[in-house]
Amino acid sequence: MTKTLRFILGDQLTRSLSALEGVDPARDVLLMVEVGAEATYVRHHKQKITLIFSAMRHFAQDLRAEGLNVDYVTLDDLANTGDFSGELARAITRHSPDSVVMTEPGEWRVREMMEVWRETLPVPLHIRPDTRFIASTDEFSRWAAGRKTYRMEFFYREMRRKTGLLMEGDKPEGGEWNYDSENRKPLPKVYAPPARKRFAPDAITREVMALVEARFSNHFGDLSTFGWPVTRAEALEALSDFITHHLPNFGDYQDAMKKGADFLHHSLVSTSLNIGLLTPLEVAEAAEAAYRRGDAPLNATEGFIRQVIGWRDYVRGLYWHEMPGYAATNALDAQRPLPDFFWSGQSGMACMDDVITATRRNAYAHHIQRLMVTGNFALLAGLAPAAVEEWYLLVYADAFEWVELPNVHGMVLYADGGLLASKPYAASGAYIDRMSDYCAGCRYSPAIKTGEGACPFNLLYWDFLMRNEAQLAGNPRMAMPYRTLAKMDAARKAQIRAEAQVFLDGMV
Ligand code: FAD
Ligand code: DLZ
Ligand code: SF4
């Protein structure tokens with residue numbers, strides 16, 4: 001009888017994980033390790049480290065309750081070597097297994113570690129596919145083969161056909177594949193943000209919080225507001241609360257933003273999905289069931305399902321298909337360092353400061369805040385991709401490189417030259433004004449294009465188009481703004497460029 005060491009990573013907290021298939025409770029050992037290197041390779045938000053350590057500890061408790069033998073190394077264990085390689089080597093010495101079994105990791109960085117272990121461990125290492133996605137990485141690669149660019153919409157239709165979600169035979173429910181055009185409403189003028197289901201930290205989470213405050217006190221983020229689900233039971237409760245109370249409004253207000261309203265009607269399921277407390281299929285099925293019962297409209301349900309089985313799987317496939325070269329591209333040659341106000345939240349721009357301070361408070365911002373406020377600013381200001389990517393990877397509790405990188409590098413920064421997005425998501429202050437109430441409380445005005453009080457997004461938008469004309473003017477989807485630019489006289493262009501330069505040079 002052989003003895004297997006099954007090494008489970010902090011984002012693999014799923015009972016049906018491939019590394020746990022065939023587990024022998026009598027002989028096998030399940031290894032889980034809290035290591036400093038994973039908390040500090042970028043200095044993660046305190047809530048992200050707390051989420052992962054607490055969820056790991058709860059998952060270990062559940063596995064033990066099932067009679068499985070879990071070897072769990074805490075961060076404050078005096079013998080802890082501080083990284084995966086050291087802890088795996090120590091565990092092999094402790095348990096003398098015949099082999100090590102793992103599920104493939106979510107990050108290229110960790111995959112490279114595994115390739116080294118395959119060569120250096122004294123026993124064989126078996127790496128199993130991660131089956132928690134709708135499509136396998138091979139399936140994505142087959143879909144991508146021969147395409148010059150990868151458009152999510154076509155991949156998404158394949159995922160709808162594959163799962164049968166919102167399908168009527170081989171036709172999409174309601175006749176259309178995509179109801180996004182109905183999902184762009186601003187909030188009503190009088191609107192009270194909804195209360196959201198949050199979870200008070202239990203004894204295990206409180207212990208982890210104390211550890212994180214002690215060991216990572218210099219990391220970004222407020223810990224006192226921690227309320228993320230840390231068990232599967234809590235994650236299911238949060239999902240049910242979203243489906244009942246928020247899915248009906250999810251579509252209409254998906255792109256809306258409101259000062260001080262941190263969560264609106266978004267699902268808040270990304271942390272639970274990404275660490276394995278929920279699977280994408282069960283989340284999407286719960287939404288479809290609400291639609292079939294008549295409890296949620298089609299635009300909301302389709303919009304939500306598109307995010308969960310479309311975008312999420314698509315960025316994961318793209319990441320593994322394109323790495324490691326993907327991270328190194330910089331199509332717009334953006335070189336500017338990240339200004340300090342990404343940490344302090346004191347830029348003087350009301351929209352940026354609201355999103356950044358909410359991010360510090362919650363380790364969360366919703367998609368349009370990430371894309372059209374902080375992301376849009378980073379794109380227009382020409383911030384260096386690596387610096388922006390590090391920021392997004394460390395500030396959000398749901399951030400793992402497989403999902404963060406394509407969103408930031410491709411969707412936000414267009415650093416891949418259009419592999420992911422058909423055009424840059426660049427917008428002036430008018431977009432933010434239309435979708436939020438930020439501008440009313442801002443020292444700048446979206447209506448002012450240049451001079452005193454001009455919204456920086458206005459100046460930077462036109463400056464961005466001028467700076468990148470050679471790369472972007474030929475893109476048919478950019479034809480309209482470039483036609484407008486062509487009608488601007490030289491003096492006006494020079495004024496915009498000069499004022500944008502003063503703003504950029506003054507950023508701290
Ligand atoms: P909802 O809006 O309720 O959406 C439901 C689910 O769909 C999400 O939980 C998520 O699993 C999935 N989803 C939605 N949009 C995307 C997308 N573009 N890519 C992949 N999955 C998506 N998502 C992460 O999970 N981790 C990240 O590190 C991350 N970084 C991002 C960085 C930028 C610059 C941008 C623009 C988006 C990023 N996203 C990331 C995608 C998206 O913003 C978050 O998934 C979402 O805001 C999480 O909140 P929610 O669960 O309330 O999502
Ligand atoms: C993000 C993270 C952190 C902060 N800490 C740990 C840890 O101590 N142990 C662990 O197993 N995983 C951790 N993770 C997740 C990993 O950094 C990594 O993102 C995933 O394993 C994906 O490859
Ligand atoms: Fe943001 Fe400009 Fe509006 Fe101020 S005026 S909140 S900077 S978009």
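Our structure is the block above this text.
As a starting point, this report considers the structure included with it. (Residues numbered from 1 in each chain as written. Chains lettered and ligands numbered in written order. Predicted model: local features only at pLDDT ≥ 70, side-chain atom pairs only at ≥ 80, totals over all residues. Heavy atoms only, no water.)

1. Thoughts on the pattern of salt bridges
Applicable threshold: By convention in these notes, a salt bridge is any Lys or Arg side-chain nitrogen within 4 Å of a carboxyl oxygen on Asp or Glu. Strands are runs of DSSP state E lasting at least 2 residues, helices are runs of H or I lasting at least 4, and numbering of each runs from the N terminus. Here the term buried applies to any residue with accessible area under 20% of the maximum for its type, exposed to any over 50%, and partly exposed to those in between, with areas from a 1.4 Å probe on protein chains only.
If you walk through the whole model with that rule in mind, you get 32 salt bridges. With its nearest N and O atoms 2.7 Å apart, the salt bridge here joins Glu 38 to Arg 109. Pair noted here: Glu 38 is in helix α1 (residues 36-40) and Arg 109 is in helix α4 (residues 108-120), with a separation of 71 residues, a long-range link. Two residues, Asp 398 and Arg 370, come together in a salt bridge whose shortest N-O distance is 2.9 Å. Placement of the pair is Asp 398 in the loop between α16 (385-395) and α17 (401-412) and Arg 370 in helix α15 (residues 367-381), with a sequence separation of 28 residues. Arg 370 gets classed as buried once you look at its relative accessible area, which sits at 17%.

2. A few points about the packing of helix α5 (residues 137-144) against helix α6 (residues 152-163)
The test is simple: Interaxial angles span 0 to 180 degrees and are taken between N-to-C directions of axes, which are lines fitted to C-alpha atoms, for helices over the stretch in contact. The cut-offs work like this: below 35 degrees is roughly parallel, past 145 is roughly antiparallel, 65 to 115 is roughly perpendicular, and the gaps in between are oblique. If you view the pair so one helix is near and one far, a crossing is left-handed when the near helix is turned anticlockwise from the far one by less than a right angle, and right-handed when it is turned clockwise. Contacts are assigned to residue pairs that have any heavy atoms within 4.5 Å of one another.
Close contact between α5 and α6 brings their axes to 11 Å; oriented N to C, the two are set at 130°. Taken together, the axes of α5 and α6 are oblique relative to one another. In this structure, α5 crosses over α6, and the sense of that crossing is right-handed. Residues Glu 139, Phe 140 and Trp 143 of α5 pack against Phe 154, Phe 155, Glu 158 and Lys 162 of α6.

3. Quick word on helix α14 (residues 350-362)
Count 3.6 residues to each turn of an α-helix, and residues three or four apart come out pointing the same way. The condition that has to hold: By this rule, a helix spans an expected 1.5 Å times one less than how many residues it contains.
Between the first and last C-alpha of α14 there are 18 Å, a value that for 13 residues agrees with the 18 Å anticipated at 1.5 Å per step. A large share of α14 lies buried, amounting to 10 of its 13 residues. What α14 keeps buried is the set Ala 350, Cys 351, Met 352, Asp 353, Asp 354, Val 355, Ile 356, Ala 358, Thr 359 and Asn 362. Elements in contact with the buried residues of α14: α2 (46-65), α13 (341-344), α15, α16, α18 (429-435) and α19 (456-467).

4. Comments concerning the site of ligand 3
Convention followed: Proximity criterion: a residue is near a molecule or strand once any of its heavy atoms comes within 4 Å of it.
Neighbouring residues of ligand 3: 13 residues in total, closest Cys 351, Cys 439, Cys 442, Tyr 444 and Cys 455. Secondary-structure elements contributing two or more residues to the shell around ligand 3 are α14 and α18.

5. With respect to the packing of aromatic side chains
Just so we agree on the cut-off: The aromatic pairing rule takes the rings of Phe, Tyr and Trp, using the six-membered ring of Trp, and pairs them if the centres are within 6.5 Å, calling planes under 30 degrees apart stacked, those over 60 edge-to-face and the rest tilted. Counting as a charge over the ring demands two things of the Lys NZ or Arg CZ atom: a distance within 6 Å of the ring centre and an angle within 35 degrees of the ring normal.
Here the structure, examined in full by the defined rule, presents 30 aromatic pairs. On the basis of an interplanar angle of 50° and a centroid distance of 6.3 Å, the ring pair of Phe 342 and Phe 377 is categorised as tilted. Remark: Phe 377 occurs in helix α15 and Phe 342 occurs in helix α13; sequence separation between them is 35 residues. With a relative accessible area of 0%, Phe 342 lands in the buried category. These aromatic residues form a ring-pair network of at least three members: Phe 341, Phe 342, Phe 377, Trp 391, Tyr 392, Tyr 396, Phe 457 and Phe 503. The cationic tip of Arg 370 hangs over the ring face of Tyr 396; the distance from NZ or CZ to the ring centre is 4.0 Å.

6. Describing the environment of Phe 341
Secondary-structure assignment places Phe 341 in helix α13. Overall, Phe 341 belongs to the buried group, its relative accessible area being 5%. Distance in space between the C-alpha atoms of Phe 341 and Met 352 is 8.8 Å, their sequence separation being 11 residues. In this structure Phe 341 touches Gln 346, Ser 347, Met 349, Met 352, Ile 356, Phe 377, Met 507 and Val 508, once residues within four positions along its chain are discounted.

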